[in-house]
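Results of the structural survey
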Amino acid sequence: MRFCGKRVPVLCAALALCLALAACGGEQKQEKPVLRPVVTMTVPDPQAGRERTFPGTARAAIETRLSFRVSGEIEHLPARIGMRVKQGDVVARLDPTDYRLQVGRAEAAVAQAEASTAQARSDWERTRALYEVGNTSRRDLDRARAQIDASEASLKAARRQLELARQQLRYTVLRAPMDGALAEVPVDVHQTVAAGQPVALLTAGQRMELEVGIPDSLIASIHAGDAVTVHFDALPGEAFDGSVVEVGVESRAVSTYPVKVALTNKAQGVRPGMSGEATFAFDAKSAYVLVPPVAVVGEVEQKRSVWVVDEASGTVKQRAVTIGKLTSSGLEVLSGLTPGEKVVIRGVHRLKDGQRVKVQEGKAQEAWS
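Notes on the structure in this doc start here.

Basis of the calculations
- Residues numbered from 1 in each chain as written.
- Predicted model: local features only at pLDDT ≥ 70, side-chain atom pairs only at ≥ 80, totals over all residues.
- Heavy atoms only, no water.
- Phe/Tyr/Trp six-rings, centres within 6.5 Å; stacked < 30°, edge-to-face > 60°.
- Helix = DSSP H or I, 4+ residues; strand = E, 2+ residues; numbered from the N terminus.
- Buried < 20%, exposed > 50% of the residue type's maximum accessible area, 1.4 Å probe, protein only.
- Expected span 1.5 Å × (residues − 1).
- Contact = heavy atoms within 4.5 Å.
- Pairing = 2+ DSSP bridges.
- Core = buried A, V, L, I, M, F, W, Y, C linked by side-chain atoms within 4.5 Å.
- Axes fitted to C-alpha atoms, helices over the stretch in contact; angles between N-to-C directions.
- Salt bridge = Lys/Arg side-chain N within 4 Å of Asp/Glu carboxyl O.

It is worth spelling out the packing of aromatic side chains at this point. Scanning the entire structure with this criterion turns up two aromatic pairs. With a centroid separation of 5.9 Å and an interplanar angle of 65°, the aromatic rings of Phe-54 and Phe-280 are classed as edge-to-face. Of the two residues, Phe-54 sits in strand S2 (residues 50-67) while Phe-280 sits in strand S13 (residues 275-282), which places them 226 residues apart along the sequence. Each member of the pair Phe-54 and Phe-280 is classed as buried. With a centroid separation of 5.7 Å and an interplanar angle of 70°, the aromatic rings of Phe-232 and Phe-240 are classed as edge-to-face. A relative accessible area of 4% places Phe-240 in the buried class.

Here it is, written out as structure tokens:
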């Protein structure tokens, strides 16, 4: 019994220590609550303009696809990608053998037609002399006159055929129509090409352009002369001023319209084919703001809510809002939000009032998708 009596206080002290440690551990867990990650958007001012950014590809203001006007086998190809050319420089040459033979045949046809015409004129002179002295009939005179007319018509046709053959021979040499640089050369020596088949892409002019695709819902708001800001992935930190120079009137397969933006300042470092983005400012003043439909919760129409982040405490609070129409650009919120507030647009499920969250700002275009 003395043994047990000595052990009791020790066991009680150990038990008290374990309980204290367990309590401390529980308090430490409560001090580090799990933060739910959410994506937010900043509520825009509906009375201010809206910016939209669209990707595009840079290209020279003048792009000409060079091709032969006749078909044949490429005999000589001095053109190389990136090569600078002057007006009149040879880009490519076809094998001219067949076209020289055509010129030869046409020259022979002209010579024959000239001989026939000379013979017809001689016959006409002789027949007219006989007719004047009464030794031939009027019918023979008319026949000689008709022979001259036919011979002269044949000679004229032969000469036109000769000019055409010579022209086709000249077309076997492809020359640069202006100063510039060759961006593409999709053919090789000894390759047979058809008339009109691209042989090289010539870029010219100092001005660069960016071609972008604009959705059909916004194309009516874009006009020639609108100011645009352009950025290129290969030139981070640099912004270029641009101006709309051409607005497409026919949509592409993805329901977008091509719009060309000319860079108004010197675009040093910008090369054809570079990927870039053009930012347009739309004057979209209205009495409502647009949010992604997934940001709005609730089932009763006109009495729905959103989650608003309190940046001071890092918590969320549910806010009742009045909604309007669902448009292709987002859901209209007529009342309940103030410009500058942050609204949760991703991760809205399982949130509670006062819950702390980990905020990540969404992309600008995500707010309008």
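From this point on, the discussion continues.
Here we come to helix H3 (residues 138-170). Its 33 residues place the ends of H3 49 Å apart at the C-alpha level, agreeing with the 48 Å of an ideal helix rising 1.5 Å per residue. For H3, every residue scored as buried is listed here: Leu-141, Ala-144, Ile-148, Ser-151, Leu-155, Ala-158, Leu-162 and Ala-165. Each element contacted by the buried residues of H3 is listed here: helix H2 (97-132).

Of note in this structure, His-190 is not a glycine but carries a positive phi near 70°. In this structure, His-190 sits in the loop between strand S7 (180-184) and strand S8 (192-193). The residue Arg-350 is not glycine, and still its phi comes out positive at about 65°. Positionally, Arg-350 belongs in the loop between strand S18 (342-346) and strand S19 (357-361).

Our focus in this paragraph is the sheet that holds strand S6 (residues 173-175). Reading across from one edge, S6-S5-S3-S8 is the order of the four strands in this open sheet, with antiparallel pairing throughout. Looking at which strands have only one partner, the edges of the open sheet turn out to be S6 and S8.

It is worth spelling out the nonpolar core at this point. Counting 25 residues, the largest nonpolar core has Val-212, Ile-214, Val-230, Phe-232, Val-259, Val-270 and Phe-280 as the members making the most contacts within it. At the level of secondary structure, the elements contributing two or more residues to this core comprise S2, strand S9 (198-215), strand S10 (227-232), strand S11 (240-247), strand S12 (256-263) and S13. In contact with Val-270, other than residues within four places in its own chain, are Ala-58, Met-208, Phe-232, Leu-235, Phe-240 and Leu-263. Judged by nonpolar contacts, the second largest core, of 20 residues, contains Leu-66, Ala-79, Val-91 and Val-193.

What follows concerns the pairing of strand S15 (residues 304-310). A large share of S15 lies buried, amounting to five of its seven residues. In terms of strand pairing, S15 meets strand S16 (residues 315-327) through seven bridges, oriented antiparallel. Across the sheet, Trp-307 pairs through a bridge with Gln-318, a residue of S16. Linking S15 to S16, which pair antiparallel, is a turn of four residues; within it Gly-314 sits at a positive phi near 75°. Note: S15 against S18, two bridges, orientation antiparallel. For Val-308, the partnering residue across the bridge sits in S18 and is Val-343.

Now for the sheet that holds strand S14 (residues 289-291). Across the sheet, which stays open at both edges, the seven strands sit in the order S14-S17-S16-S15-S18-S1-S19 with mixed pairing between neighbours. One side of each edge strand has no neighbouring strand; the edge strands of this open sheet are S14 and S19. Averaged over neighbouring strand pairs, the angle between their axes works out to 55° when direction is ignored. Pairing between S16 and strand S17 (residues 330-335): four bridges, direction antiparallel. Counterpart to Thr-322 in the pairing with S17 is Ser-335.

Another aspect to go through is the pattern of salt bridges. Following the criterion strictly, the structure yields 13 salt bridges and no others. Linking Glu-152 and Arg-121 is a salt bridge whose minimum nitrogen-to-oxygen distance equals 3.1 Å. Of this pair, Glu-152 sits in helix H3 while Arg-121 is found in helix H2, placing the two residues 31 residues apart along the sequence. Of the charged contacts, one joins Arg-126 and Asp-123 as a salt bridge, the two residues approaching to 2.8 Å between their closest N and O atoms. With Arg-126 and Asp-123 both in helix H2 and three residues apart, this pair spans about one turn of that helix. Using a relative accessible area of 23% as the deciding quantity, one classes Asp-123 as partly exposed.

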